[in-house]
Amino acid sequence: MKKLFKLVSLLTLGLFFVACGDSGVSEGFTKSGKAGSLDVTYSSAKPLVVGDNTMNVTITENGKAVTGAKVEMKVFMPEMPGMPYMDFIKVLDAAGDKYSGNINYSMGGTWQVKIFIEKDGKKYKHSSSVIL
Ligand SMILES: [Cu+2]
């Protein structure tokens, strides 16, 4: 019941953000793409910041939610002059059709994003990037 309330709160919050999207205030982050035959969306209710971010991933196949998958999110920054390679890897927690977890972006700049999905013995990969 508590979970349901939380979900409803999040949905309400989501609607609020959509409704207020034009103001540019408190706008979240969303990005979508493919992982083989899967459609992957990853998002954050708040704009991405340097440090901790709660990232949510939803996956569909032919418009149908993919549940029971193992979803791992990896963000990394290649080595640059004066900066070593850095990454952050997390197996996301599954709740129904939503996978979520904390991702720490340790500095500003462009982060490569990989989302690894294992479902029914098959492996999929979504490649993306975010700029902080
Ligand atoms: Cu860097």
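Not measured: the values here are computed from a predicted model.

Let us look at the overall build of the protein chain. Across its full length, the protein chain carries one helix and ten strands. Listing the helices and strands of the protein chain from first to last along the sequence gives α-β-β-β-β-β-β-β-β-β-β. A total of 132 residues make up the protein chain; the buried ones form 18% of that total. Within the protein chain, counting contacts between residues at least 6 apart in sequence, those at least 24 apart form 44% of the total.

With 21 residues, the main nonpolar core has Val57, Val71, Met73, Ile115 and Ile117 as its most contacted residues. Of all elements in the fold, only β2 (38–44), β3 (51–61), β5 (70–77), β8 (98–105) and β9 (110–119) reach the threshold of two or more residues within this core. In terms of residue count, β5 provides more of this core than any other element does, four residues in total. In this view, Ile117 contacts Ala35, Leu38, Ile59, Ala69, Val71 and Tyr124; residues no more than four positions away in its chain are not counted.

With respect to the element layout, Thr41 can be found in strand β2. Spatially, the C-alpha atoms of Thr41 and Thr60 are 8.8 Å apart, while their sequence positions differ by 19 residues. Apart from the residues within four sequence positions on either side, Thr41 is in contact with Thr30, Ser32 and Thr58.

Spatially, the four strands line up as an open sheet ordered β6-β5-β9-β10, and their pairing is antiparallel. Since the sheet does not close on itself, it has two edges, and those belong to β6 (86–91) and β10 (122–131), each with one partner. Strand-to-strand, the axes of this sheet are offset by a mean angle of 15 degrees, without reference to chain direction. The pairing of β9 with β10 spans ten bridges and is antiparallel. Paired with Val113 across the two strands is Ser128, which belongs to β10.

The next point concerns unusual backbone geometry. Even without being a glycine, Asn62 presents a positive backbone phi close to 50 degrees. Tracing the backbone through its elements, the reader meets Asn62 in the loop between β3 and β4 (64–65). Even without glycine at this site, Asp120 takes up a positive phi of about 50 degrees. Among the secondary structure elements, Asp120 is positioned in the loop between β9 and β10.

About the cut-offs
Residues numbered from 1 in each chain as written. Predicted model: local features only at pLDDT ≥ 70, side-chain atom pairs only at ≥ 80, totals over all residues. Helix = DSSP H or I, 4+ residues; strand = E, 2+ residues; numbered from the N terminus. Buried ≥ 20, exposed ≤ 12 C-beta atoms within 10 Å, placed from the backbone. Contact = placed C-beta atoms within 7 Å. Core = buried A, V, L, I, M, F, W, Y, C linked by C-beta atoms within 7 Å. Pairing = 2+ DSSP bridges. Axes fitted to C-alpha atoms, helices over the stretch in contact; angles between N-to-C directions.

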